[in-house]
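# Geometric and topological summary
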Amino acid sequence: MVLFYKGLWYNNSMKKIGLLGATGSIGTQTLTILREFQHLRLSFLSAHRQTDRLSELVAEFRPDFVIVTDPDAYSQVGRLDVPVYGPDDYISAIEQSDADILINAIVGTSGLLPTVKWIEWGRTLALANKESLVSAGELVTNLRQQSGAQIVPIDSEHSAIWQSLQGNDPKSVHKIILTASGGAFRDHTKQEITGLPAKAALKHPNWSMGQKITIDSATLVNKGLEVMEAKWLFDLREDQIEVLIHRESIIHSMVEYVDGAIMAQLGVPDMKLPILYALEHPKRLATSWPKLDWSQIPTLHFEKPDTERFPGLALAYEAMRKGGTMPLVFNVANEVYVEEYLKDKITFYGITDRIAQAMADHEVMQQPSVADLLALEAQLRQQLKETS
Ligand code: NAD
Ligand code: MG
């Protein structure tokens, strides 16, 4: 079937996308995909403080509406050709939207509410915002079972696992192997790392990403978050999730089956592929992007993660084991202290030392509601900032 929509013709594969966090790294790469594949149309997009490019984005992508999530930026945003919703009314706006799929590419625990709501409404979520699934894993999983919603991963490791699961029985998975680049400080001693500023940690060896996730890669907190993300996405036990340092980031992750067969997904480190696969699976669309040139890759390296130099990973496993509200505490503490490190107010190890303290001070509440989680997030953010 061919459709005529907003002055253009489309075939019936047209898909409407809601994009939260459109101005960030994942958001910008999603927009690049939308430029290349005209059947993918924007239903809405959100910006937080970066509102300067909104009119340009509206003119180019013609979304039905836009969202500005920061209260001050919202109160100052000028007139646009489409309706603008703010932090207090954007949830009901996205509920009423005709988006077929929501890409949640907000950074941090602020992505929790749209994740929870979208799943509650039984809709399809393409998840970049791992912090929401980590903080509210049990709740989101229960809601997903009740509503029949689908969560498709954007995170490259989880996309690799999802791709490696195709055509196989999920019950025959023995374990998954999450690969990690090792981050900016992988070749430094503990003593050297202690004195290194955020500017050095922001130089990721393989990926170009937002600031927070780049610091999270250096501390291995990102891999810890991904362990918890994998647990909820693929219904795995702790002993089924292994982390392996693979410095080239060519193998994006692997699945080992009970018979010993290992399936992996490989390719150049480029987030556009997992974003496109999340939108189009099981179809694979031909792209113009650079492909892997094996002649340029003489060796692939693998090693065990060093939890002595990078204690973030062990803390994440501990948060996962304690469950309930503890993963949220791990997350919020990390967000608060990564910000402090980015301002050079604390050292690199100050981040994980303070996460450990915040976790030690917290009394876990099991099976928290959304309201419990949101209240705890606000309270912790305030409290940890004051005492840092
Ligand atoms: P980024 O910092 O580049 O962009 C974040 C986006 O969120 C921006 O659009 C920003 O305006 C918006 N934002 C910031 N604070 C907000 C708030 N309080 N409320 C609402 N919106 C807010 O981050 P990124 O690197 O694009 O990462 C986004 C998410 O995707 C993170 O959860 C990250 O872990 C995940 N992710 C990113 C990559 C990557 O390659 N960048 C890879 C895997 C997963
Ligand atoms: Mg990842």
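Located above this text is the structure these notes cover.
### Digging into the sheet that holds strand S12 (residues 251–257)
Strand order across the open sheet formed by 4 strands is S11-S10-S12-S13, with mixed pairing between neighbours. Every other strand in the sheet has two partners, leaving strand S11 (241–245) and strand S13 (262–266) as the edge strands with one partner each. If you compare each strand with its neighbour and ignore which way they point, the axes differ by 20° on average.

### Description of the site of ligand 1
The local shell around ligand 1 holds 21 residues, among which Thr23, Ser25, Ile26, Glu131 and Gly210 are the closest. Note that an oxygen atom of ligand 1 is positioned 3.2 Å from one of the backbone N or O atoms of Gly21. Ser25 has a polar backbone atom sitting 2.8 Å from an oxygen atom of ligand 1. The fraction of the free accessible surface of ligand 1 (830 Å²) that becomes covered by protein chains is 86%. Mapped by element, the contributors of at least two residues to the shell around ligand 1 are helix H1 (25–36) and helix H6 (130–135). Counted by class, the shell around ligand 1 contains 9 nonpolar, 9 polar and 3 charged residues.

### A look at the pairing of S11
With 4 of 5 residues buried, S11 is to be regarded as a mostly interior element. Sheet analysis places strand S10 (residues 173–180) next to S11, joined by 5 bridges and oriented parallel. When the sheet's bridge partners are listed, Thr179 is paired in S11 with Leu244.

### Some words on the coordination of the magnesium ion (ligand 2)
Taken together, the protein donors to the magnesium ion (ligand 2) comprise Asp155 (OD), Glu157 (OE) and Glu226 (OE), at separations of 2.1 to 2.3 Å. Read N to C, the donor residues that coordinate the magnesium ion (ligand 2) are spaced as D-x1-E-x68-E.

### Concerning the packing of aromatic side chains
Under the counting rule described, the total for this entry stands at 7 aromatic pairs. Arranged with centres 5.2 Å apart and planes meeting at 85°, the rings of Phe65 and Tyr85 form a pair that is edge-to-face. Here Phe65 is found in strand S5 (residues 65–68), whereas its partner Tyr85 is found in strand S6 (residues 84–85), with 20 residues between them in sequence. Through a chain of ring-to-ring contacts, three or more aromatic side chains come together here, namely Phe185, Tyr341, Phe348 and Tyr349. One residue, Lys190, lies across the ring of Tyr349, its end atom 5.2 Å from the ring centre.

Conventions and cut-offs
- Residues numbered from 1 in each chain as written.
- Chains lettered and ligands numbered in written order.
- Predicted model: local features only at pLDDT ≥ 70, side-chain atom pairs only at ≥ 80, totals over all residues.
- Heavy atoms only, no water.
- Pairing = 2+ DSSP bridges.
- Helix = DSSP H or I, 4+ residues; strand = E, 2+ residues; numbered from the N terminus.
- Axes fitted to C-alpha atoms, helices over the stretch in contact; angles between N-to-C directions.
- Near = heavy atom within 4 Å.
- Polar contact = N/O pair within 3.5 Å; in protein donor to acceptor, adjacent residues only side chain to side chain.
- Areas by Shrake-Rupley, 256 points an atom, 1.4 Å probe, with all protein chains shown as cover.
- Nonpolar A, V, L, I, M, F, W, Y, C, P; charged D, E, K, R; others polar.
- Buried < 20%, exposed > 50% of the residue type's maximum accessible area, 1.4 Å probe, protein only.
- Donors = N, O, S within 2.8 Å, 3.2 Å for Na, K, Ca; no water.
- Phe/Tyr/Trp six-rings, centres within 6.5 Å; stacked < 30°, edge-to-face > 60°.
- Lys NZ or Arg CZ within 6 Å of the ring centre and 35° of its normal.

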